[in-house]
Each structure stands twice: as C-alpha cells, then as structure tokens.
Amino acid sequence: MRRKCSVTKTSYWVNSALNAKRRKSLIGLTHAWNGLKTIFCTERNFRIHIMTVFAVMAAGIVLQLPIIKWAIIIVVIGLVLVAEMLNTAVEKMLDYVKPTVHPQAKVIKDIAAGAVLVAAVVAVIVGLLVFLPEFREW
Ligand SMILES: Nc1ncnc2c1ncn2[C@@H]1O[C@H](COP(=O)(O)OP(=O)(O)OP(=O)(O)O)[C@@H](O)[C@H]1O
C-alpha cells in the first residue's frame with residue numbers, strides 16, 4: 001500500500017535528519033542528567049557545594065542583590081561546580097584505569113583536587129567582595 005505523503009523527498013530527509021539530531025541531543029541530555037544525579041548521590045563534597053549554593057542564593061535574595069552581582073555569583077558557582085565535577089571525573093577515570101597505588105596517579109589526582117581548591121578560594125574571595133558591602137548597607 002502506498003502511503004499518502006504531502007512532503008517532498010528532500011524535505012523528508014531534512015526532517016528525518018533533524019529528528020535524528022533532536023533525538024541524539026535528547027539522549028545526550030539524559031546522559032548529562034544521569035551524570036549529575038550520580039555525582040550528587042555519590043559525592044559528599046558535591047552535596048556540600050550544592051547546599052552552599054542554596055545558602056548563597058538565599059542570602060542574595062534576602063539582601064536583594066543587584067543583577068550584576070547575581071551574574072557574578074552565578075558564574076563563580078558554575079566555576080566551582082564544574083571544577084568539582086571534572087575532579088570527580090578524573091578520580092573515577094584513574095580508579096578505573098589505575099586502581100593500584102601509583103605516584104603518577106597521585107600527581108594527577110592532587111592536581112585535579114588543586115583545581116577545585118583554586119575555584120573554591122576564588123569563590124570565597126568573590127563572595128566576600130560581593131556580600132560584604134551589602135551587609136554593611138543592610
Ligand atoms: N591510585 C593512587 N595512587 C596514589 N595516590 C592516590 C591514588 N588514589 C588516590 N591517591 C591519593 O589520595 C588522594 C585522595 O584520592 P581519592 O581518590 O580518595 O579522592 P577523594 O578522597 O574522593 O578526594 P576529593 O576530596 O578530592 O574528592 C589523592 O589526591 C591522592 O593524593
């Protein structure tokens with residue numbers, strides 16, 4: 001039986017390619033969401049970061065931060081969360097490829113942990129610069 005089709009062959013292929021792309025990006029989003037759930041459920045440090053994010057957001061709402069300060073705070077929060085996620089990914093990868101103790105594994109893990117420390121120190125400094133003047137005016 002011949003299907004009645006109003007679209008031309010070209011637009012059919014264009015549409016199916018677009019649908020495949022959409023499906024792929026949706027699946028990619030599912031993987032990313034699974035990654036977020038995994039790190040939240042398994043990494044205590046990440047949960048502490050998330051709790052800190054809520055505390056900072058609450059303070060920002062109470063102090064009615066101006067939009068520019070919100071933008072700065074959001075960028076810094078993103079920096080810390082991304083650093084923590086990459087550090088965890090490095091740790092998990094090393095535990096997978098090199099489960100035994102190795103000096104090079106130590107160096108790699110220590111550097112990744114150092115990246116989180118740098119991001120956290122930057123976040124604290126920026127937090128102080130953003131919030132201290134607000135507290136004084138409060
Ligand atoms: N395979 C290894 N070989 C040598 N040293 C290691 C190895 N695995 C971990 N270490 C050392 O132990 C430290 C902690 O590593 P671990 O994988 O336990 O991370 P963690 O306790 O989850 O740390 P974080 O608080 O950064 O998430 C590393 O920074 C490193 O100094």
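Here, residues in each chain are numbered from 1, in the same order as that chain's written sequence. The model is predicted, so local features are restricted to residues of pLDDT at least 70 and side-chain atom pairs to those at 80 or more, both for listing and for counting; the totals for chains, interfaces and linings are taken over all residues. Computation of side-chain values: all heavy atoms of the structure, hydrogens and water removed.

If you check an unreviewed UniProt entry, the chain appears there as Diacylglycerol kinase family protein from Lentibacillus salinarum. Entered under Sequence similarities (unreviewed entry) in the UniProt record, the comment concerning the chain runs "Belongs to the bacterial diacylglycerol kinase family." UniProt positions are given in the numbering used here, feature names are shortened, and annotations may be inferred rather than shown by experiment. Recorded in UniProt for the chain, the comment headed Subcellular location (unreviewed entry) runs: "Cell membrane".

Draft legend 1. Main features of unusual backbone geometry. Of note, Gln-64 is a non-glycine position whose phi angle comes to about 50°, a positive value. Secondary structure follows DSSP: runs of H or I at least 4 residues long count as helices, runs of E at least 2 residues long count as strands, and numbering of each begins at the N terminus. Checked against the element boundaries, Gln-64 lands in the loop between helix 2 (44–62) and helix 3 (67–97).

Draft legend 2. Up close: the UniProt feature "transmembrane region" (unreviewed entry) in the chain. In this structure's numbering, the residues bearing the UniProt feature "transmembrane region" (unreviewed entry) are residues 46–64, 70–90 and 111–132. Secondary structure content for residues 46–64 is 89% helix and 0% strand, while the C-alpha to C-alpha distance between its ends is 26 Å.

Draft legend 3. Quick peek at the layout of surface pockets. Quantified by volume, the largest pocket comes out at close to 400 Å³. Elements with a minimum of two residues in the lining of the largest pocket: helix 2, helix 3 and helix 4 (103–137). At 8 residues, the largest contribution of residues to the lining of the largest pocket is made by helix 4. Any residue that is not Ala, Val, Leu, Ile, Met, Phe, Trp, Tyr, Cys, Pro, Asp, Glu, Lys or Arg is counted as polar, Gly included; the first ten are nonpolar and the last four charged. Split by residue class, the lining of the largest pocket holds 15 nonpolar, 3 polar and no charged. Whether a set of points on the 1 Å grid over the protein atoms alone is a cavity depends on a 1.4 Å probe fitting there but being unable to get out, while an open set qualifies as a pocket with protein on both sides within 12 Å along at least five of seven lines; lining residues are those with an atom within 4 Å of a point. Grid points are joined across faces, edges and corners, and a volume is the space filled by probe spheres set on the points.

Draft legend 4. Region of interest: the site of the ligand. What makes a residue near a molecule or strand is one non-hydrogen atom of that residue sitting within 4 Å of it. As a structural note, the neighbourhood of the ligand is formed by Asn-45, Asn-87, Glu-91, Lys-98, Thr-100, Val-101, His-102, Ala-105, Lys-106, Lys-109, Asp-110 and Ala-113. One nitrogen or oxygen atom from the main chain of His-102 is found 2.9 Å from a nitrogen atom belonging to the ligand. In the model, an oxygen atom of the ligand is placed 3.3 Å from a nitrogen or oxygen of the Lys-106 side chain. Elements supplying a minimum of two residues to the shell around the ligand: helix 3 and helix 4. Per element, the largest residue contribution to the shell around the ligand is 5 residues, and it comes from helix 4. Class assignment for the residues of the shell around the ligand results in 3 nonpolar, 4 polar and 5 charged. Here a polar contact is recorded for every N or O atom pair within 3.5 Å, except that within protein the pair must consist of a potential hydrogen donor and a potential acceptor, and residues adjacent in sequence are included only if both atoms are side-chain atoms.

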